[in-house]
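# Structural overview for review
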Amino acid sequence: MIRHLRNIGLRFALRSLRIFGAADKADALLLSQQRKRGSVALIWALAETGDRLSAGLSEKLAKLSGFETVVVVCPPRVFSLLRSEGHFFETLPAPDEILSSGISSNWALYLRRRIARIRKNWGPDFEAVVGPEPEVYFEAILNGSEDSGLS
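The following refers to the structure shown. (Residues numbered from 1 in each chain as written. Predicted model: local features only at pLDDT ≥ 70, side-chain atom pairs only at ≥ 80, totals over all residues. Heavy atoms only, no water.)

### As for the overall build of the protein chain
Helix and strand counts for the protein chain come out as seven helices and four strands. Listing each helix as α and each strand as β along the protein chain from the N terminus yields α-α-β-α-β-α-β-α-α-β-α. Considering the protein chain as a whole, with its 151 residues, one finds that 36% of them fall into the buried category. Contacts spanning at least 24 positions in sequence make up 62% of the contacts within the protein chain whose residues lie at least 6 apart. When the accessible surface of the protein chain is split by element, carbon and sulfur atoms take 54% of a total near 9,000 Å². (Helix = DSSP H or I, 4+ residues; strand = E, 2+ residues; numbered from the N terminus. Buried < 20%, exposed > 50% of the residue type's maximum accessible area, 1.4 Å probe, protein only. Contact = heavy atoms within 4.5 Å. Areas by Shrake-Rupley, 256 points an atom, 1.4 Å probe, with all protein chains shown as cover.)

In structure tokens form, the structure reads like this:
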């Protein structure tokens, strides 16, 4: 019952975006003129690993299929899975790349700017997270959390 109510709420929100024209994203550099007038969902799936998409990400993709554009932000090792299924994607460095680069890199600044740039360039109307929030995820990596299970 709760799932049904959530789906009704999502459909209502999408319809409202279309009716009120709030979905026009003039600054969204990565969208065509046609897609700038549509709805955009951004899914943060930074902890994805493996040879196939997790059940949580597959479920989110199915739930958000009503959006004209769905973009998944993931580690580089997962983008080929998304590309083969025809999804838009952005990548952020994997935890092992960050940890192996050494302390000379200013990862905190780079990641903060990259996350902000992704949000600005796509102009999402809705954001979903599979796993940890992006800021929490990278904060754990940058602080050297050994038991976080992120790598």
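### What to know about the pairing of strand β2 (residues 69-74)
With six of its six residues buried, β2 lies for the most part within the structure. Here β2 shows two buried faces, one formed by T69, V71 and V73 and the other by V70, V72 and C74. As judged from the five bridges shared by strand β1 (residues 40-44) and β2, these two strands associate in the parallel manner. Looking across to β2, one finds that I43 is bridged to V72. Crossover β1 to β2 through helix α3 (residues 55-63) is right-handed. Pairing of β2 with strand β3 (residues 88-91) involves four bridges; the strand directions are parallel. By the bridge assignment for β3, V73 is matched with E90. Regarding the hand of the β-α-β motif, the stretch spanning β2, helix α4 (residues 79-84) and β3 is right-handed. (Pairing = 2+ DSSP bridges. Right-handed = clockwise from strand over helix to strand, strands pointing away.)

### Section: the sheet that holds β2
Across the sheet, which stays open at both edges, the four strands sit in the order β3-β2-β1-β4 with parallel pairing between neighbours. The two strands at the open ends of the sheet, each matched to only one other strand, are β3 and β4 (126-129). Strand-to-strand twist in this sheet, taken as the mean axis angle between neighbours without regard to direction, amounts to 20°. Across four bridges, β1 lies against β4 in parallel orientation. (Axes fitted to C-alpha atoms, helices over the stretch in contact; angles between N-to-C directions.)

### What about the pairing of β1?
Most of β1 sits inside the fold, with five of its five residues counted as buried. Residues V40, L42 and W44 of β1 are buried on one face, and the alternating residues A41 and I43, pointing to the opposite face, are buried as well.

### Regarding the packing of aromatic side chains
As enumerated under the stated definition, the model contains five aromatic pairs in all. For the ring pair Y137 and F138, a centre distance of 5.0 Å and an interplane angle of 80° mean the geometry is edge-to-face. Of the two residues examined, Y137 and F138, each falls in the buried class. (Phe/Tyr/Trp six-rings, centres within 6.5 Å; stacked < 30°, edge-to-face > 60°.)

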